[in-house]
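Each chain, written out:
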Amino acid sequence: MTASTRNGYVPGRLTVHNDPAKLGGVTRALRGTGRKIVLIPTMGALHDGHRELIRHARRIPGAVVPVVSIFVNPLQFGAGEDLERYPRPLKADVDACREEGVELVLVPRAEDMYPPGSDTRVVAGPLGDELEGASRKGHFDGVLTVVSKLFHIVGPDVAMFGEKDYQQLTLVRRMVRDLYFPLDVVGVPTVREDDGLALSSRNAFLDAGQRRRAAVLHRALAAGASMSVRGPDAVLAAARAELAGEPEVDVDYLAVRGVDLGPPPDSGAARLLIAARFGATRLIDNTPITL
């Protein structure tokens, strides 16, 4: 029996760990044998967007071990948000990981991630209070705190995040840079339904009418992107005109930013971002544009 097997790892077989310390021991042992660890942090309710993250991980050259974490992080939910009703189909999630060739899954308990007296938090800084953060106070502090813990537990060489949550991706990259985490953060393009709606675990909360109307988000982004050569004002005007065709959509924000989410440049790469509510369900999306 190999050391990696004794530590809870069998090559080619999925193993679920609830204890962060034991999972960390496995990944340390694997790195010691030259394996490359790739972390895909999730809150579960896995869909094809998550599967694409895993597939990207498996395409990295070399001896790669994908590690998927499944943890509904209470720190990133504010008062009145959907923490209690957030879907938790653990068996289906583990089955999806097995189908995608994942070998290690971490499913920690809240008390393991946040033991009594665990008060230290990562603060996202000014960008954490803009866009998503303007209506979800403290959300990104919670995101960065749990992501930093996962980085320390797993010790990945690479971490995969979807571009749908572009502000999250940007802030994680900034944290990795600012706090000198020794890993690469890779953004994976958004996976969409046939009508352009970005895949999200929260799509399951939409009724049939809301689901139909939600496709306007992608249409608005596409309309804005088509006017990018005319500058930010034209981009926003075109996107707003498309949104006006769905009066029941409650738009939270529509913004053009630079790729680092600072002010948009006079020319070059930028990002068009949107958030809107469909009933009680809040969805976000974004697309790259070139001004």
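Heads up: the structure comes first, above all this text.
The structure contained in this document is the topic of the report that follows.

Definitions and cut-offs
- Residues numbered from 1 in each chain as written.
- Predicted model: local features only at pLDDT ≥ 70, side-chain atom pairs only at ≥ 80, totals over all residues.
- Heavy atoms only, no water.
- Pairing = 2+ DSSP bridges.
- Helix = DSSP H or I, 4+ residues; strand = E, 2+ residues; numbered from the N terminus.
- Right-handed = clockwise from strand over helix to strand, strands pointing away.
- Axes fitted to C-alpha atoms, helices over the stretch in contact; angles between N-to-C directions.
- Contact = heavy atoms within 4.5 Å.
- Buried < 20%, exposed > 50% of the residue type's maximum accessible area, 1.4 Å probe, protein only.
- Phe/Tyr/Trp six-rings, centres within 6.5 Å; stacked < 30°, edge-to-face > 60°.
- Lys NZ or Arg CZ within 6 Å of the ring centre and 35° of its normal.

### A look at the pairing of strand β6 (residues 184–188)
Phase 1 of the analysis: Sheet analysis places strand β5 (residues 158–162) next to β6, joined by five bridges and oriented parallel. When the bridges of β6 are listed, Phe161 appears paired with Gly187.
Phase 2 of the analysis: Considered for its hand, the β-α-β crossover made up of β5, helix α8 (residues 166–178) and β6 is right-handed.

### Details of the sheet that holds strand β7 (residues 250–258)
Phase 1 of the analysis: Pairing is antiparallel across the open sheet formed by three strands, whose spatial order is β7-β8-β9. At either margin of the open sheet sits one strand with a lone partner, and together these are β7 and β9 (281–290). Taken pair by pair, the neighbouring strands of this sheet meet at an average axis angle of 15°, ignoring direction.
Phase 2 of the analysis: Here strand β8 (residues 269–278) runs beside β9; their pairing, made up of 10 bridges, is antiparallel. Bridging across to β9, Leu272 finds its partner in Thr287.
Phase 3 of the analysis: Contacting β7, β8 and β9, helix α11 (residues 232–243) crosses the sheet at an angle of about 160° to β7.

### Brief notes about the environment of Tyr180
Phase 1 of the analysis: Considering the arrangement of structural elements, one finds Tyr180 in the loop between α8 and β6.
Phase 2 of the analysis: You can call Tyr180 exposed: its relative accessible area is 73%.
Phase 3 of the analysis: Along the primary structure Tyr180 and Thr170 are separated by 10 residues, whereas in three dimensions their C-alpha atoms are 15 Å apart.

### What about the packing of aromatic side chains?
Phase 1 of the analysis: One pass over the structure, following the stated rule, counts three aromatic pairs.
Phase 2 of the analysis: Taken together, a centroid distance of 6.3 Å and an interplanar angle of 40° make the contact between Phe71 and Tyr114 tilted. Here Phe71 is found in the loop between β3 (64–70) and α4 (90–99), whereas its partner Tyr114 is found in the loop between α5 (110–113) and α6 (132–135), with 43 residues between them in sequence. For the pair Phe71 and Tyr114, a shared accessibility class is recorded, and that class is buried.
Phase 3 of the analysis: Between Phe151 and Phe181, the ring centres sit 5.4 Å apart and the planes meet at 70°, which makes this aromatic pair edge-to-face. Of the two residues, Phe151 sits in helix α7 (residues 139–154) while Phe181 sits in the loop between α8 and β6, which places them 30 residues apart along the sequence.
Phase 4 of the analysis: Residue classification places Phe181 among the buried residues on the basis of a relative accessible area of 11%.
Phase 5 of the analysis: When the ring centre of Phe205 is taken as reference, the NZ or CZ atom of Arg85 above it lies at 4.0 Å.

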